[in-house]
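# Topology and contacts: notes
Single-letter residue listing:
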Amino acid sequence: MTSHRRTNRTIPNIAGSIASHPRHSSQYRISHVVRTVLVSILLAALTFVGTAAAAVWVDINSTIEHRSFTLPVQADDADKDNEPQLVDVNAGKPVNVLLLGQDTREGDGNAAVGGSGEETAGLHNADTTIVAQIAADRSYINLVSIPRDSMVDVPSCSTANGTIPAQYYVQFNSIFANAYSYGGDLASAAGCTVNAVNALTGLDIQEVVVVDFQGLSSMIDALGGVDICIPFDTQDTYTGLDLKRGLQHLDGTQATQYARMRHGTGTDGSDVMRTTRQQYLIKALLNEALNKNLFTDSPQLYQLARAALESLNISDGLADAATLAGLAMSLKNLDSSHLYAQTVPVVADPYNPTARVVWSDAADAVWEKLRTNQPLTAQSDDGQSSDGTTDDSSGTTSETPSDTSADDDSSQQTMQDGTDTEQTQQAAPDPNTGLVTSVDPYTLQEVLTDPATGGVVDPETGSITDPLTGQYIGMADQYIMYTFCRVS
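Described in the following lines is the structure provided in the data block. Note that this is a predicted model, so its numbers are computed, not measured.

### A short note on the nonpolar core
In terms of nonpolar packing, the biggest core is built from 43 residues, with Val131, Val152, Trp359 and Trp367 touching the most fellow members. Ranked by residue count, the leading element in this core is helix α5 (residues 186-201), at 8 residues. Once residues within four sequence positions are removed from consideration, Val131 is found in contact with Val97, Leu98, Asn142, Leu143, Val144, Ile146, Val197, Leu203, Ile205, Trp367 and Leu370. Ranked by size, the runner-up nonpolar core spans 30 residues in total, among them Cys229, Ala289, Ile473 and Met475.

Following this line, the structure appears as C-alpha cells:
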C-alpha cells in the first residue's frame, strides 16, 4: 500500500528545546474519555490562563497521571526516540491534533445520552474524527472533519496484541472499532486510527484526544451551557431533542444530542451533514468561553479545567498542566472568527451511493493546505489571501483586484477544489452575513455563496454544500446568527 507519510520532512516540533526527535503514533500516554472534538482540548488549554498556581497544577497533573496508559509502537516508528517529551508551545511551531469522538455506552453517563441495550454492549466506535491544526503563530485554527462513512484503504498497524494487516475499502470508523476489539484497549484503537489518518493525508500528527458523550456533556455544563442559534424548529425522536427556532441556551445533554443527531428535522440521515453541525457547535463553544472572559475568572477556569482533564484521553505531548498552560497563553488572543472548519470533500461511493462516501479529487487540496501550514481560507499575514481575497470579520473571504499571477493561482485553486469563484469576484460579502449574493444566469434565482469555501448556502438552513457534488461541507455560522437570531 502506498503511504503519503513524509519521512524526510520536518515534523512540527511541539516539544520545544526538550525534544530531540519527533514522535508519531508511538508511545502516547492517554488520560480518560469524551465525545466531541477540538473545543474540548482548546477549552482545557484556555482554562489554564490565570490558574497557574502550583497547587492547581499538582492537582490536575495527578488526575492526568491516574488515568494514563501507553499506545503500542508502530512498525515505522521503531527507530525513533520515544522517550516521553514535554510539549513547549512557545517553540512557535504548528500543533496538529487528531480528535476522536468515541461512541461508547459504558458508564451511566454515556448510556443516559446514547442509550443502552444488549446491542450496544461493548460498543467502541469512533463516530467523530476531526484533524485540528493550530497555527505556529496561534493566529488561526483549522478543523477538517472526516465522515465516519468514508470508504478508505489503510495500512497495517500495531496493537497491544499484535499487528493488524493492511485493509482495503473499509469504512473509516471501523478502523477504531476493529483495533479496539483486536488490541483490547483504547490505546490500540487510537494508535491505529492516527496511523491511518497520517497515511491517508500525508500529515504526521503527533497528538491525539479521545472524547465521549458524558465527557462532552460535563464540559459544557462546567462552562455554564452554550448559546446556539437554531435556524428552524428541530425535533428528533431518536435523541428526544425538541428545539425551537431562534437563540437557545443548551445544557450539556442537549448540546451533545444536537451534535450527534442524524434523524431529526432538517437532516438527511447522513454522517456528512452531522459533521457540519459538530463544527458549528465547536465554534459556539469557543465563542462562549471567550465571551465569558474565562481568562480572568479563576474559579470557573479551574472548574472547567478539572472537567476537561477528567473527561479526556489526551496523548502525552499535551497531558501536562504546564503544557496546557503554555498553549493557553499562546491562544488567549485568538480571534474566534479565525476558527476555520469544513468537511473533507466527498462524493457518493459508486458501490453504495446511498449509504457511503469516498473522498473526492478535491480532498488533497484541503490536506495540502494543512501539510503546508496554511489556513483553509489561504489568508496571508497581511490579511490578503493567496488567491487575492481579503479576510472580513466573519473569518470568510471577499475578493479584491489582484495581479495576473494571483488570478492564475485562483484559477488553479478553483480547478482543485471544484468551486467557481467567478461570481464571488464580482461582489464583496455582506458585512452582516459574510456571504456573497449573486443571480444564477440560467434560473434567475438569487444564489448565496460562502466565499471561504466557494460553497452554495441554503437560505432556509444556512447549510453549505459543494456546488458540484451537492455534498455538505459546512454551516454558514455568521449568516445563521444574523438571519435567524439577529446576532451580529
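### With respect to the sheet that holds strand β22 (residues 446-450)
As summarised here, the arrangement of the 5 strands in space is β21-β22-β23-β24-β25, forming an open sheet in which the pairing is antiparallel. Looking at strand neighbours, the two that pair on one side only are β21 (436-439) and β25 (472-475), the edges of this open sheet. If you compare each strand with its neighbour and ignore which way they point, the axes differ by 40 degrees on average. Two strands pair when backbone bridges link them, and β22 and strand β23 (residues 455-457) are joined in this way by 3 bridges, in the antiparallel orientation. Its bridge partner being in β23, Asp450 is matched across the sheet by Gly455.

### Description of the environment of Gly462
Assignment of secondary structure puts Gly462 in the loop between β23 and β24 (463-465). Spatially, the C-alpha atoms of Gly462 and Leu448 are 9.6 Å apart, while their sequence positions differ by 14 residues. Aside from chain neighbours lying at most four places away, what touches Gly462 is Val457, Met475, Ala476, Tyr479 and Ile480.

### Overview of the pattern of salt bridges
Pairing is possible between side chains of opposite charge, provided their charged atoms come close. Taken as a whole, this structure holds 6 salt bridges when the rule is applied. Two residues, Asp149 and Arg148, come together in a salt bridge whose shortest N-O distance is 3.3 Å. Arg148 gets classed as buried once you look at its relative accessible area, which sits at 14%. The shortest N-O distance in the salt bridge between Arg371 and Glu368 comes to 2.8 Å. Of this pair, Arg371 and Glu368 both sit in helix α11 (residues 363-371), 3 residues apart, which is roughly one turn of that helix. Classification of Arg371 by relative accessible area gives buried; the value is 8%.

Rules used in this analysis
- Residues numbered from 1 in each chain as written.
- Predicted model: local features only at pLDDT ≥ 70, side-chain atom pairs only at ≥ 80, totals over all residues.
- Heavy atoms only, no water.
- Core = buried A, V, L, I, M, F, W, Y, C linked by side-chain atoms within 4.5 Å.
- Buried < 20%, exposed > 50% of the residue type's maximum accessible area, 1.4 Å probe, protein only.
- Helix = DSSP H or I, 4+ residues; strand = E, 2+ residues; numbered from the N terminus.
- Contact = heavy atoms within 4.5 Å.
- Pairing = 2+ DSSP bridges.
- Axes fitted to C-alpha atoms, helices over the stretch in contact; angles between N-to-C directions.
- Salt bridge = Lys/Arg side-chain N within 4 Å of Asp/Glu carboxyl O.

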